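Close look at the chain arrangement
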Amino acid sequence: MTARAGQGNEADMPKKRWTLAVACLLLCACSSGLSAEANTRFAVDVFGTAQGLPHSVVLALTQTRDGYLWVGTYGGLARFDGVQFAVFDENTTPGLTSSHISRLYEDRQTNLWVGTENGGICLVKGSKVTSVDLVSGGSAGRLMAICEDREGAVMLYTYTGLLGRYRDGKVDVWHAGSGAPSTCRALIAEDSGCLWVGTDTSLVA
């Protein structure tokens, strides 16, 4: 019984050696793959004012469905096609109220919404830029958050706590959350129809 047991253990040794060899080969292959991946170098292109960006301070970015990358800067709005920038500012673009672009958003109708530092809100539809006023004869405060509800209305939330609902050229306005200026204004529109409104100190629906 003892001799047979010993012979059985010796017979199993080649199998164990093969198992260890295969495991070592797999480990080496994985290590080589990880090493090769770690050594891969990625090319990074840097675009600044020398390449046509209107200002080195970028405040907002969005890519529209037509493939353009829109960049909001302290020196104007720039549209990038992958090669060069086309620049739009208050001096060259009627309807654009400021060159300090702080918010960008594309709605389902492919309209581009632009929020500026001076509180102006602009709607870019095709090649036409129009101003959207939440209050008449005054400033609503700069645009802090924007979203679209399930009915296609665009919701606009400002620094001063004004909440605007824009649809078909008409704007309805409410005071939402704290009326005091807030650096945190957040909007989330659920598919259920519920709109979440957040500030520095509160969250309401």
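Structure shown above.
Here the residue numbers are simple positions, counted from 1 along each chain's written sequence. Where totals are concerned, whole chains, interfaces and linings use all residues; where local detail is concerned, this predicted model gives features only for residues with pLDDT of at least 70, and gives and counts side-chain atom pairs only at 80 or more. Only heavy atoms go into the side-chain values, all of them from the structure, while hydrogens and water stay out.

The subject of this paragraph is the pattern of salt bridges. A side-chain nitrogen of Lys or Arg and a carboxyl oxygen of Asp or Glu constitute a salt bridge if their distance falls within 4 Å. Applying the stated criterion across every chain yields a total of 5 salt bridges. For Glu 106, the salt bridge is made with Arg 65, and the minimal N-O distance between the two is 3.2 Å. Of the two residues, Glu 106 is situated in strand β5 (residues 101–106) and Arg 65 in the loop between β1 (58–63) and β2 (69–73); the sequence distance between them amounts to 41 residues. Three exposure classes are used, based on accessible area relative to the maximum for each residue type with a 1.4 Å probe and protein chains only: buried under 20%, partly exposed in between, and exposed over 50%. Relative accessible area serves as the criterion here: at 13%, Glu 106 is assigned to the buried category. Helix and strand definitions follow DSSP, with helices as H or I runs of at least four residues and strands as E runs of at least two, each counted in order from the N terminus.

Our next topic: the nonpolar core. Ala 60, Trp 70, Leu 77, Leu 96, Ile 101, Leu 104, Leu 112, Val 114, Cys 122, Val 124 and Val 129 form the largest nonpolar core, which has 11 residues in total. In this description, contact between two residues means that some pair of their heavy atoms is separated by no more than 4.5 Å. Not counting chain neighbours up to four residues away, the residues in contact with Val 114 comprise Leu 77, Leu 96, Ile 101, Arg 103, Leu 104, Gly 120, Ile 121, Cys 122 and Val 124. By convention a nonpolar core is built from buried Ala, Val, Leu, Ile, Met, Phe, Trp, Tyr and Cys residues, the set being connected through side-chain atoms within 4.5 Å. Counting 10 residues, the second-largest nonpolar core is a separate cluster that includes Trp 113, Ile 121, Leu 123 and Tyr 166.

Attention now moves to the sheet that holds strand β6 (residues 112–116). Neighbouring strands of a sheet are bound in pairs by backbone hydrogen bonds; such pairs are parallel or else antiparallel. A pair of strands is labelled paired if DSSP reports no fewer than 2 bridges between them. Spatial strand order, β5-β6-β7-β8: 4 strands in an open sheet with antiparallel pairing. Looking along the sheet, the strands with just one partner apiece sit at the ends: β5 and β8 (128–131). Each adjacent strand pair in this sheet contributes to an overall mean axis angle of 20 degrees, direction not counted. Looking at chain direction, β6 and strand β7 (residues 121–125) are connected through 4 bridges and run antiparallel. Bridging from a neighbouring strand, Gly 115 pairs with Ile 121 of β7. Between N-to-C directions, angles cover 0 to 180 degrees, with each direction set by a line fitted to C-alpha atoms, over the stretch in contact for helices.

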